[in-house]
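Overview (structure and organization)
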Amino acid sequence: MTRIGVVGAGAAAAAATYVLDGAVPSAEVTVLEKSRGVCGRAATRRRGDVTYDYGANYVKSDDDRVVELLTETLDSDGLVDVTEPIYTFDANGSVSEGRDADEHKWSYRQGLTQIAKRLLGETDATVENSTRAETLVRDSQQWRVVDTDGGEWGPFDALLLNPPAPQSAELLRDAEWDSEVRDDLAEAAEAVPYRTIWTAVLGYEFELDRPYYALVNPDRDHEIGWIAREECKDGHVPDGESVLVVQANPEWSVERYDDDPAENVADLAELTADVLDDGRLADPAWTDHQGWRYALPDEGVRRGAVDDAADADLYALGDWVAGEARLHAALRNGLDTGEQVAYSL
């Protein structure tokens, strides 16, 4: 039997697990996930009849293999496509047409977490939620993982590392693995720059009539970087209601990250009302929020460090390895990494 450990249950890890389950019949895959859910920043919450994606907003159709995976290989029931365009706004909040791209913008009626749920649901992998990896241990030619409660997992013939680069670097620095390869990968992961994003979700008991799905501030010169209308996704918002997912820009997010959430939400609601020129939006009927300290990598990791670690059966994967802060890029990287591990084994 081949035993494979996976730290983190993000989109890339789910895709890699899916490949390994089919490509290595003898594989026993164990996924250790610190949260209660799966799919990382492609996160979904529900409030009564409302469903909203409050991290990644959708998956683009920019990769043919990912398109095939979502539309043909996996069950596509409930897959929804946002057809409204994306407009832009500037530092003064002036809105203009600007990003009406032709690619699909997919989610699911049940939210983006369906991606990882469906991938993992096709496998025999064991997913251990609420299990935070603390120490990686290299024993001869195998790996073990010790969690924060003292539990031990393994030994594994290969270990996949899916957390964001800063968290992966921390695990590597604390690893019981005396190797220059470890130090090099930790240093490379630490060098990956990340954007911090603070998100407010604003719910309203009335409909917004707008010709666009979302607004983006491409120059990053406004306090808000992104406003998306969740009602543009079929099945997410009941008729007669509106839900806005509002992401502050990185500078604002860092400065206000640890401030009172209620004040942050109120300020973002005021700013949203100004951009959309609708005073009603300053007073939402309900709200939610989430801080993403490691939201989006601005660059990819140095490939040499990743390749050298693979020679020791340690595989880093995710959007920071793909070099593109997009959900489709993470999925493709997971598929490719799964094949790489299977070939090695």
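Everything below is about the structure printed above this text.
Residues numbered from 1 in each chain as written. Predicted model: local features only at pLDDT ≥ 70, side-chain atom pairs only at ≥ 80, totals over all residues. Heavy atoms only, no water.

Some details on the overall build of the chain
Of the regular secondary structure elements, the chain holds 10 helices and 20 strands. Computed over its C-alpha atoms, the radius of gyration of the chain comes to 21 Å, within 12% of the 20 Å expected for a compact globule of 345 residues. C-alpha extents for the chain along the principal axes are approximately 65 × 40 × 35 Å. Evaluated residue by residue, the chain yields a buried proportion of 56% over its 345 residues. Taking as baseline every contact in the chain between residues at least 6 positions apart, the subset at least 24 positions apart corresponds to 73%. Accessible surface computed for the chain: about 14900 Å², of which carbon and sulfur atoms make up 38%. Here the chain contributes 31 positively and 71 negatively charged side chains, and the mean placements of these two sets differ by 1 Å. (Helix = DSSP H or I, 4+ residues; strand = E, 2+ residues; numbered from the N terminus. Rg over C-alpha atoms; globule rule 2.2 N^0.38 Å. Buried < 20%, exposed > 50% of the residue type's maximum accessible area, 1.4 Å probe, protein only. Contact = heavy atoms within 4.5 Å. Areas by Shrake-Rupley, 256 points an atom, 1.4 Å probe, with all protein chains shown as cover. Lys, Arg positive; Asp, Glu negative; His and termini not counted. Charge placed at Lys NZ, Arg CZ, Asp CG, Glu CD.)

Describing the side chain of Thr-272
Along the polypeptide, Thr-272 turns up in helix α7 (residues 261-275). Classification of Thr-272 by relative accessible area gives buried; the value is 0%. Separated by 2.7 Å, the side chain of Thr-272 and the backbone oxygen of Leu-268 make a polar contact. Sequence-distant contacts of Thr-272, that is, excluding residues within four places in its chain, are made with Leu-202, Ile-224, Ile-227, Leu-244, Val-246 and Leu-281. (Polar contact = N/O pair within 3.5 Å; in protein donor to acceptor, adjacent residues only side chain to side chain.)

A closer look at the sheet that holds strand β6 (residues 79-81)
As summarised here, the arrangement of the three strands in space is β5-β9-β6, forming an open sheet in which the pairing is antiparallel. A strand with exactly one partner marks an edge of an open sheet, and here the two such strands are β5 (59-60) and β6. Relative to strand β9 (residues 105-108), β6 runs antiparallel, the two sharing three bridges. Bridged to Leu-79 within β9 is Tyr-108. Sitting on the sheet, helix α2 (residues 64-73) touches β5, β6 and β9, and the angle it makes with β9 is about 35 degrees. (Pairing = 2+ DSSP bridges. Axes fitted to C-alpha atoms, helices over the stretch in contact; angles between N-to-C directions.)

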